[in-house]
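# Results of the structural survey
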Amino acid sequence: MAAPLSARFPGSAGWADPLARTLGVIDARCALSCGITAAGQWALAFPAPGRLKVQAVLKGLVWLVIDGIEHPVRLAAGDVAVFSGVRGYTLASDPTVPPVDVLPLVRTAAGGFLHAGAEGQDVVAVGGHIDLNDVGRELLLSAFPPLMRVDAATAKAPAACWLMEQTLREMRSDAPGAAVAAEHLARLLFVQVLRAFLNDSSTHAGARPPDRLRALADERVAPALFLMHGNPAHPWTLAELARAAAMSRTSFAQRFKKVVGLPPLAYLYAWRMRLAQHILRSKDTPVAAIASSLGYGSESAFSNAFKRTTGLAPHRYREAARDPRTAEPPWVGRAEPGAARQDARGRQEWR
């Protein structure tokens, strides 16, 4: 008789707090933080950080302009903005002011703060990056919208502003344990960001949060997601995943599709392909090793599935992703439904 799922996969039972489990998987860490003081007319252009960016306004008024987003965003004291960091952006007293490059100013910043515009401190803002591990980037960054604004009137904004300010102080401090304190503050900040996004409708103008983020907060769907994310090579069955959710197979499949937008095994297929794309873009792992790590019995089976998803064989995808002449990396997206069904039907071959 097979061992219970909770015994074979520790932590699959007792999912009272899926968000806490999320933090354990994504390994959120504070990578950098910087403060700004400003007065008069000013505008600073920042390069794309490539990480999750959090910007809090502690005093005054700031306009945030993100490349590719049509309308500037007004941030008043107490407001917090969160964006994925894949685009360059500008902070300004007025969106019509021509910006200057921030990088030369960063090199001369004193005490973790740089100054812009005239003398005085009409504006005080704090910005930070939250770095995530590979799983966190693949799982969350693509799920975040280009921009999320947390209004000062919401319950989460004051705590986020305080955490930003304290993180900056710790990162610029030489006090014992400052680095550890900054890391824990960053994790608390990320908790506030996720709470705001999942619970406060004002954060996203009444729209529902992206499917994956909502799923991570769903007490029934989250256990199955963590099993698939934690061990993508395992030949998960609908029965195993439903057991982790403490539901019947039919009820679980219906709930999973409603929350996530894909059937469970189609999601597993899409997650494997997303991980494969990340590895091919960023590492030199042999294709055969990638195939094995994702549960495929042969390199050819994996290559066929990957090509159905992206239109490119794994080797060609890697070459295109690393070609400096390519303006954007090859397409990254969900698997086609037909490919997912083929993948699900071929699961016995992969075992």
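Please read these numbers as outputs of a predicted model, since none were measured by experiment.

The subject of this paragraph is the sheet that holds strand β7 (residues 89-92). Taken together, five strands build an open sheet; the order of strands is β5-β4-β7-β2-β8 and the sheet is mixed. Each end of this open sheet is capped by a strand with a single partner; those strands are β5 (73-76) and β8 (100-101). Pairing of strand β4 (residues 61-66) with β5 involves four bridges; the strand directions are antiparallel. Directly across from Leu61, in β5, lies its bridge partner Ala76.

Below, the discussion takes up the packing of aromatic side chains. A complete count under the given rule lists seven aromatic pairs for this structure. Both rings, one in Phe46 and one in Tyr89, keep their centres 4.8 Å apart while their planes meet at 0°; by these two values the pair is stacked. Residue Phe46 is found in strand β2 (residues 43-46), and its partner Tyr89 is found in strand β7; the two are separated by 43 residues along the sequence. The same class applies to Phe46 and to Tyr89, which are both buried. Counting every residue linked through ring pairs, the aromatic cluster contains Tyr296, Phe302, Phe306 and Tyr317.

For the pair helix α8 (residues 221-230) and helix α10 (residues 249-260), the least separation of the axes is 10 Å and the interaxial angle reads 80°. Classified by the angle their axes make, α8 and α10 are roughly perpendicular. Contact residues: Val221, Ala224, Leu225 and Met228 in α8; Phe252, Arg255, Phe256, Val259 and Val260 in α10. Broken down by class, the residue content of the contact of α8 with α10 amounts to eight nonpolar, no polar and one charged.

Before going further, it helps to examine the pairing of β7. Of the two faces of β7, the one holding Tyr89 and Leu91 and the one holding Thr90 and Ala92 are both buried throughout. Bridging between β2 and β7 involves four bridges; their strand directions are antiparallel. Bridge assignment links Ala43 to a residue of β7, and that residue is Ala92. Here four bridges tie β4 to β7, and the two strands are oriented antiparallel to one another. When the sheet's bridge partners are listed, Ile66 is paired in β7 with Tyr89.

Another point: the side chain of Ser93. Here Ser93 shows up in the loop between β7 and β8. What makes Ser93 buried here is its relative accessible area of 18%.

Attention now goes to the nonpolar core. Judged by nonpolar contacts, the single largest core of 41 residues is most densely connected at Leu225, Met228, Phe252, Phe256, Tyr267, Tyr296 and Phe302. Every element with two or more residues in this core is listed here: α7 (211-216), α8, α9 (238-244), α10, α11 (264-282), α12 (287-293) and α13 (299-310). A per-element tally of this core places α11 first, with 11 residues. Leave out the neighbours within four places in its chain, and Leu225 touches Ala215, Leu216, Phe256 and Tyr267.

Glancing now at the pattern of salt bridges. Evaluated as defined, the whole model comprises four salt bridges. Across the salt bridge formed by Asp151 and Arg149, the nearest N and O atoms sit 2.8 Å from each other. Using a relative accessible area of 25% as the deciding quantity, one classes Asp151 as partly exposed. In this structure, Arg316 and Glu319 form a salt bridge, with 3.0 Å as the shortest nitrogen-oxygen distance.

Reading guide: rules and limits
Along each chain, residue indices are assigned from 1 in the same order as the chain's sequence is written. Local features in this predicted model are restricted to residues of pLDDT 70 or higher, and side-chain atom pairs are both shown and tallied only at a pLDDT of 80 or more, whereas totals for entire chains, interfaces and linings draw on every residue. Note that the side-chain values use all heavy atoms of the structure and ignore hydrogens as well as water. Here, a strand pair is defined by DSSP locating no fewer than two bridges between the strands. What counts as a helix is a DSSP run of H or I of at least four residues, what counts as a strand is a run of E of at least two, and both are numbered from the N terminus. Only Phe, Tyr and Trp rings are paired, with Trp represented by its six-membered ring, and only when their centres lie within 6.5 Å; those with planes under 30 degrees apart are stacked, over 60 edge-to-face, the remainder tilted. Relative accessible area decides the class of each residue, using a 1.4 Å probe on protein chains only: under 20% of the type maximum gives buried, over 50% gives exposed, and in between gives partly exposed. Orientation is described by lines fitted to C-alpha atoms, with helices fitted over the stretch in contact, and by angles between N-to-C directions that extend from 0 to 180 degrees. By definition in this entry, angles of less than 35 degrees are roughly parallel, angles greater than 145 are roughly antiparallel, angles of 65 to 115 are roughly perpendicular, and the rest are oblique. Contact criterion: two residues are considered in contact whenever any of their non-hydrogen atoms come within 4.5 Å of each other. Only Asp, Glu, Lys and Arg are considered charged, only Ala, Val, Leu, Ile, Met, Phe, Trp, Tyr, Cys and Pro nonpolar, and every remaining residue, Gly among them, polar. Among buried residues, the Ala, Val, Leu, Ile, Met, Phe, Trp, Tyr and Cys ones that are joined through side-chain atoms within 4.5 Å form a nonpolar core. For salt bridges, the criterion is a side-chain nitrogen of Lys or Arg within 4 Å of an Asp or Glu carboxyl oxygen.

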